[in-house]
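Understanding the architecture of this molecule
Each chain, letter by letter, is given below.
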Amino acid sequence: MTDDLQEGPLAQTTYAPAPKKLTAREQRRRRRQRRKRGEEVLAWVLVPVICLGIYWGVAAGFEMMNTSPGQVWDQLMQVKAMMEKRSG
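Residues numbered from 1 in each chain as written. Predicted model: local features only at pLDDT ≥ 70, side-chain atom pairs only at ≥ 80, totals over all residues. Heavy atoms only, no water.

Attention now goes to the environment of Ala11. The residue Ala11 is located in the segment before α1 (24-64) in this model. A relative accessible area of 69% places Ala11 in the exposed class. (Helix = DSSP H or I, 4+ residues; strand = E, 2+ residues; numbered from the N terminus. Buried < 20%, exposed > 50% of the residue type's maximum accessible area, 1.4 Å probe, protein only.)

Together, Arg25, Arg28, Arg31, Arg32, Arg34, Arg35, Lys36 and Arg37 make up a region of like positive charge exposed at the surface. Here Arg25 shows up in helix α1. Here Arg25 falls in the exposed class, since its relative accessible area comes to 64%. (Patch = residues over 30% accessible without salt bridge, like charges linked within 9 Å, V, L, I, M, F, W, Y side chains within 5 Å. Areas by Shrake-Rupley, 256 points an atom, 1.4 Å probe, with all protein chains shown as cover. Salt bridge = Lys/Arg side-chain N within 4 Å of Asp/Glu carboxyl O. Lys, Arg positive; Asp, Glu negative; His and termini not counted. Charge placed at Lys NZ, Arg CZ, Asp CG, Glu CD.)

A complete count under the given rule lists two salt bridges for this structure. Note that Glu26 is salt-bridged to Arg29, the shortest N-O span being 2.7 Å. Of this pair, Glu26 and Arg29 both sit in helix α1, three residues apart, which is roughly one turn of that helix. Arg30 is the salt-bridge partner of Glu26, the closest N and O atoms lying 3.3 Å from each other. Within this pair, Glu26 and its partner Arg30 are both found in helix α1, separated by four residues, close to a single helical turn. Its relative accessible area of 37% is what places Arg30 among the partly exposed residues. One salt-bridge network, held together by shared partners, links Glu26, Arg29 and Arg30.

This part is about the UniProt feature "transmembrane region" (unreviewed entry) in the chain. Annotation from UniProt places "transmembrane region" (unreviewed entry) at residues 41-62. End C-alpha atoms of residues 41-62 are separated by 33 Å, and the span's content is 100% helix alongside 0% strand. (UniProt positions renumbered as here; feature names shortened; annotations may be inferred.)

Rendered as structure tokens:
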């Protein structure tokens, strides 16, 4: 029964080299890179959200006071003219 198997020597297999363990400095550098990338993504998301929130807050404030930015500007210019007239 063992005659028909034609067993021969096994071929040597080559294994992939074990991955090098990163040094502490390299690990720290990669953590910094990931943190910077995460901060950039967070900034690209949060800055527009904050700007829109400020805009909506100012618009809601004007709406609550039943006025507009143009009317507020006109009133400020009137106050400025009155102050200039008083001092001059």
